[in-house]
Amino acid sequence: MQLKGAQVLNKKEQKSVNGGNTGMQCYSHNDCSALNGIPGFEYEEFFCHWGYCQIM
């Protein structure tokens, strides 16, 4: 997996900040793609897990 952005947090750091759980509810992976519009998250990959968007 390649990181697409220069300012991407290390994945372990990210998960320690928010547990990987964005707190945004979802029904499908497509619901989470809206999070890519948030500044600083353009290069993250989000997926729907247990009803919430998670950071890969």
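Structure's up top.
Residues numbered from 1 in each chain as written. Predicted model: local features only at pLDDT ≥ 70, side-chain atom pairs only at ≥ 80, totals over all residues. Heavy atoms only, no water.

S.K.: Can you explain the overall build of the protein chain? Please cite residues and give values.
M.R.: Within the protein chain one finds two helices and three strands. N-terminal to C-terminal, the α/β element order of the protein chain is α-β-α-β-β. Going through the 56 residues of the protein chain one by one, you find that 23% of them count as buried. Sequence separation of at least 24 residues holds for 50% of the intrachain contacts in the protein chain that already meet a minimum separation of 6. Just so you have it, the protein chain exposes about 4,200 Å², and 55% of that area is on carbon and sulfur atoms. (Helix = DSSP H or I, 4+ residues; strand = E, 2+ residues; numbered from the N terminus. Buried < 20%, exposed > 50% of the residue type's maximum accessible area, 1.4 Å probe, protein only. Contact = heavy atoms within 4.5 Å. Areas by Shrake-Rupley, 256 points an atom, 1.4 Å probe, with all protein chains shown as cover.)

S.K.: Describe unusual backbone geometry, and please don't skip the residues or the numbers.
M.R.: In this structure, W50 is a non-glycine residue whose phi angle is positive, near 55°. You can see W50 is positioned in the loop between β2 (46-49) and β3 (52-55). The exposed category is assigned to W50, whose relative accessible area is 76%.

S.K.: Residues and numbers for the packing of aromatic side chains, please.
M.R.: For the structure on display, the rule yields one aromatic pair. Each ring, one from F41 and one from F46, has its centre 6.1 Å from the other, and the planes form 45°; the classification is tilted. (Phe/Tyr/Trp six-rings, centres within 6.5 Å; stacked < 30°, edge-to-face > 60°.)

S.K.: I'd love a proper account of the pairing of β2, names of residues and values included.
M.R.: Taking every second residue as pointing to the same face, the buried face of β2 carries F46 and C48, while none of F47 and H49 on the other face is buried. In textbook terms, the turn of a hairpin is the stretch between consecutive antiparallel strands, and for β2 and β3 this stretch comprises two residues, one of which, W50, has a positive phi near 55°. (Pairing = 2+ DSSP bridges.)

S.K.: Mind laying out the state of the cysteines, listing which residues take part and the relevant values?
M.R.: Under the criterion given, the structure shown has two disulfides. Linked covalently through their sulfurs, C26 and C48 form a disulfide whose S-S length is 2.1 Å. Its S-S torsion of approximately 95° makes the covalent link between C26 and C48 right-handed. One end of the pair, C26, is in the loop between β1 (21-25) and α2 (29-32); the other, C48, is in strand β2, and 22 residues separate them in sequence. Judged by relative accessible area, C26 falls into the buried class, the value being 6%. At a sulfur-sulfur separation of 2.1 Å, the disulfide partner of C32 is C53. Taking the sign of the S-S torsion, about -90° here, the bridge from C32 to C53 comes out left-handed. Placement of C32 in helix α2 and of C53 in strand β3 is noted, with a sequence separation of 21 residues between them. (Disulfide = S-S within 2.5 Å.)

On their own, these measurements won't tell you what the molecule is for.
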